[in-house]
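Examining the three-dimensional arrangement
Below are the chains, spelled out letter by letter.
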Amino acid sequence: MAATLDPASGTSASFLERHPVRCFLLFALCHATLWTILPVLTQPNAPLDTLEMIYWGHEWQPGYYKHPPLPAWIAEFACLLSTNDVWPTYVLCQLATLGCFWGAFQIGREMRGNATGLLAIVLLEGCYYYNFTTTEFNNNLTSRVWWTLTILCLYQGVKRHHLLSWGMAGVCLGLGMLSKYDMAVLAIVMAAFSLIHPAGRQCWKTPGPAMCLMAALAVFAPHVIWLVNNHFPTVNYFLQRSGSEHQWSSHLILPLKFAASQAGAVLPMLILAIPIIGFRWKFRAMESDEDRFNRDFLLWFACGPFILVEIVGVLLGVKIRSMWGTAMWSYAGVVLLFFLQLNLNRDTFRRTLYRSAVYAGLIALVFAGRNSVLPHVRGEASRIHFPGRQLALKVDALYRQATGESPAIIGGPWWEASNVAFYGDKPASVFANLDKSINPWMDDEELNRRGGVIVWTKFDGDDEYQHDIASRFPNVRFTAPLELDHQTSAQIAPTRFGVAIVVPETSSADTSAELLSHQVPMPSESVNESASVHESATPRMASAHATAMRGED
């Protein structure tokens, strides 16, 4: 049964009923504009995940040690629009979010009318995953949009037996798997639905499921070949991140923690919906076969993935990180509006819109306040206040003094190196953590031959780190440390950076004369090597590697 905003007299329809897509586009434009401008104004440095995507994408690999390649490719392509500026990735973030909104809008309006479709995305403004976390381009964002569109295409394929929709569902599923492997959860739910539910089994009498499967395999197969040839690095990374804690309590506590985190993410949606669902919920009767099919479809695909993850968590006791729920809630608003009786009229619709707008404004203020005020409160800067552009300019100038050109390779801990590579005069390859195992496009021999820069944040007792650099790169020249302020008005001590210039093997000795006049001597061989063992070169690289692997993936 459709829920509409037509006047009781029935003499004229509301603008929403007559122009639903225009209303969607207006809402989408407001949302995307707000969440594109906010990071541009309040994030002076590119976020962590975004830089990781960019430095990976620069190499155009069929896979990376942590994740499949699609988000990195998209990020690199977007950055071609604006060299040394991160704003195109903010646009990408919002396009991915709007793709999720479109899926919820389309299914919502098909199930209960245009008003329900628009309200379903209005309520998504209350979900943490569709506002605060949409300014950092990463695998979660791209996985979520393909997850959402896969469900939309599948719904249309099952309901209408439309072969093109089945094919598009397969393409979206394959693209989702190229974004993040959590799409496998959705694939399992799809397979179970096709075998257990009567409507799903009926589909096997058509070529639809086969079309979906072939399309998904065609998209994902090249990455599978890369996985096999490279001994499954991404799978090993995933297993490390989700390994069991080997305690009986983890089988209960870890799933409960994940459930609590997801409840916190979607709870504000219920508050926004109060004008139309009230405080005393009443479930509506499913009066038709179509209603009953829609009910089952939503239970399977809007709720099923969460239930499956919880079951796996209980059985295996594995870590379930909160951001792994990013893709699961695009249809949460549709579920709420489909199953409950609604007090839907123009007044309650306007009140819900007003609540959503106020909530979006408050979240925007919190976001801007966090970026601007938090360093003053904590007394330390975050990643978005890192002096990436200033560091890149200084490093580029030093390398030009030595060689007369910009560096093509930047090595060192991945965060510092990727900042210099991105913000430099020309894009450069990153030799992250000076570790070939996570950078198959680079090794010591290549850096020695072509030359480049190694940059790191100075730390007490980093003599061993410098000795390791000198032993691996014979033509290295150490410069005086750089000292740079973070990009915040908070009174925070500046950060010191070590810089080592690896002069290309083809360069003559006198090309670096000007640099050598400022060179810092290597630390004395008499340094007490037994002191501060945990700060030695190899552990330092391992620590940087561990830092790169931390975060909500």
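Our subject is the structure that appears above.
Figured I'd write up the structure that's included with this text. (Residues numbered from 1 in each chain as written. Predicted model: local features only at pLDDT ≥ 70, side-chain atom pairs only at ≥ 80, totals over all residues. Heavy atoms only, no water.)

**Examining the overall build of the chain**
What the chain contains, in helices and strands, is 23 helices and 6 strands. Taking the contacts inside the chain whose residues are at least 6 apart along the sequence as the reference set, 78% of them involve residues at least 24 apart. Carbon and sulfur atoms make up 63% of the accessible area of the chain, which amounts to about 23,900 Å² in all. (Helix = DSSP H or I, 4+ residues; strand = E, 2+ residues; numbered from the N terminus. Contact = heavy atoms within 4.5 Å. Areas by Shrake-Rupley, 256 points an atom, 1.4 Å probe, with all protein chains shown as cover.)

**Quick word on the pairing of strand 6 (residues 495-502)**
A large share of strand 6 lies buried, amounting to 7 of its 8 residues. Pairing between strand 3 (residues 452-457) and strand 6: 6 bridges, direction antiparallel. Following the sheet pairing, Gly-452 is matched in strand 6 by Val-502. For strand 4 (residues 476-478) and strand 6, the ladder comprises 3 bridges, and the chain directions are antiparallel. Residue pairing across strands places Val-476 opposite Val-502, the latter belonging to strand 6. (Buried < 20%, exposed > 50% of the residue type's maximum accessible area, 1.4 Å probe, protein only. Pairing = 2+ DSSP bridges.)

**Some remarks on the pattern of salt bridges**
Using the criterion set out here, one finds 16 salt bridges in the structure. For the salt bridge of Asp-289 with Arg-292, the shortest nitrogen-to-oxygen distance reads 2.6 Å. Of this pair, Asp-289 and Arg-292 are both found in helix 15 (residues 289-316), 3 residues apart, which corresponds to roughly one turn of the helix. With relative accessibility at 60%, the residue Asp-289 sits in the exposed group. A salt bridge links Arg-400 to Asp-425; the nearest nitrogen and oxygen atoms lie 3.7 Å apart. With Arg-400 in helix 18 (residues 388-403) and Asp-425 in the loop between helix 19 (414-423) and strand 2 (429-432), this residue pair connects regions lying 25 residues apart in the sequence. Residue classification places Asp-425 among the partly exposed residues on the basis of a relative accessible area of 43%. Via salt bridges that share partners, Glu-110, Lys-159, Arg-160 and Glu-290 belong to a single interconnected network. (Salt bridge = Lys/Arg side-chain N within 4 Å of Asp/Glu carboxyl O.)

**Some details on the nonpolar core**
Judged by nonpolar contacts, the single largest core of 88 residues is most densely connected at Phe-297 and Phe-301. If one sorts the elements of this core by residue count, helix 7 (residues 139-160) sits on top with 10 residues. Sequence-distant contacts of Phe-301, that is, excluding residues within four places in its chain, are made with Ile-151, Leu-154, Leu-186, Val-189, Met-190 and Phe-193. Among the nonpolar cores identified, the runner-up in size contains 62 residues, and Val-420, Ile-438, Ile-454 and Ile-469 belong to it. (Core = buried A, V, L, I, M, F, W, Y, C linked by side-chain atoms within 4.5 Å.)

**Focus on helix 8 (residues 163-177)**
With 15 residues, helix 8 should reach 21 Å at 1.5 Å per residue; the first-to-last C-alpha distance of 21 Å fits that figure. The set of residues buried in helix 8 consists of Ser-165, Trp-166, Gly-167, Ala-169, Gly-170, Cys-172, Leu-173, Gly-174, Leu-175, Gly-176 and Met-177. Next to the buried residues of helix 8 lie helix 4 (70-79), helix 7, helix 9 (183-196), helix 10 (198-203) and helix 11 (208-229). (Expected span 1.5 Å × (residues − 1).)

**Describing the side chain of Glu-59**
Mapping Glu-59 onto the fold places it in the loop between helix 3 (48-57) and helix 4. Buried and without a salt bridge, Glu-59 has Arg-450 as its closest oppositely charged side chain, separated by 7.3 Å. (Lys, Arg positive; Asp, Glu negative; His and termini not counted.)

**Comments concerning the layout of surface pockets**
The computed volume of the second largest pocket comes to approximately 630 Å³. Forming the walls of the second largest pocket are 28 residues, and the residues nearest its centre are Tyr-181, Asp-182, Val-185, Phe-238 and Trp-324. Within the residue set of the lining of the second largest pocket, elements represented by two or more residues are helix 9, helix 12 (233-241) and helix 15. It is helix 12 that contributes the most residues to the lining of the second largest pocket, 6 residues altogether. Class assignment for the residues of the lining of the second largest pocket results in 18 nonpolar, 4 polar and 6 charged. (1 Å grid on protein atoms, 1.4 Å probe; cavity = no way out; pocket = protein on both sides within 12 Å on 5 of 7 lines; lining within 4 Å. Points joined across faces, edges and corners; volume = space filled by probe spheres on them. Nonpolar A, V, L, I, M, F, W, Y, C, P; charged D, E, K, R; others polar.)

**Brief notes about empty space enclosed by the protein**
Overall, the coordinates contain 3 cavities of 30 Å³ or more when judged by the stated rule. When its volume is computed, the second largest cavity comes out at roughly 50 Å³. Lining the second largest cavity, in full, are Asp-396, Ser-406, Pro-407, Ile-410, Val-420, Ala-421, Gly-424, Asp-425, Lys-426 and Ala-428. Its residues placed into classes, the lining of the second largest cavity shows 5 nonpolar, 2 polar and 3 charged.

**Here's the deal with the packing of helix 7 against helix 9**
Relative to each other, helix 7 and helix 9 sit at 15 degrees, their axes nearing to 10 Å. The orientation of helix 7 with respect to helix 9, classified from their angle, is roughly parallel. Handedness of the helix 7/helix 9 crossing: right-handed. Side by side, helix 7 and helix 9 meet where Ser-143, Trp-146, Trp-147, Thr-150, Ile-151, Leu-154 and Val-158 of the first sit next to Met-183, Val-185, Leu-186, Met-190 and Phe-193 of the second. For the contact of helix 7 with helix 9, the per-class residue count stands at 10 nonpolar, 2 polar and no charged. (Axes fitted to C-alpha atoms, helices over the stretch in contact; angles between N-to-C directions. Parallel < 35°, antiparallel > 145°, perpendicular 65-115°, else oblique. Left-handed = near helix turned anticlockwise from the far one by under 90°.)

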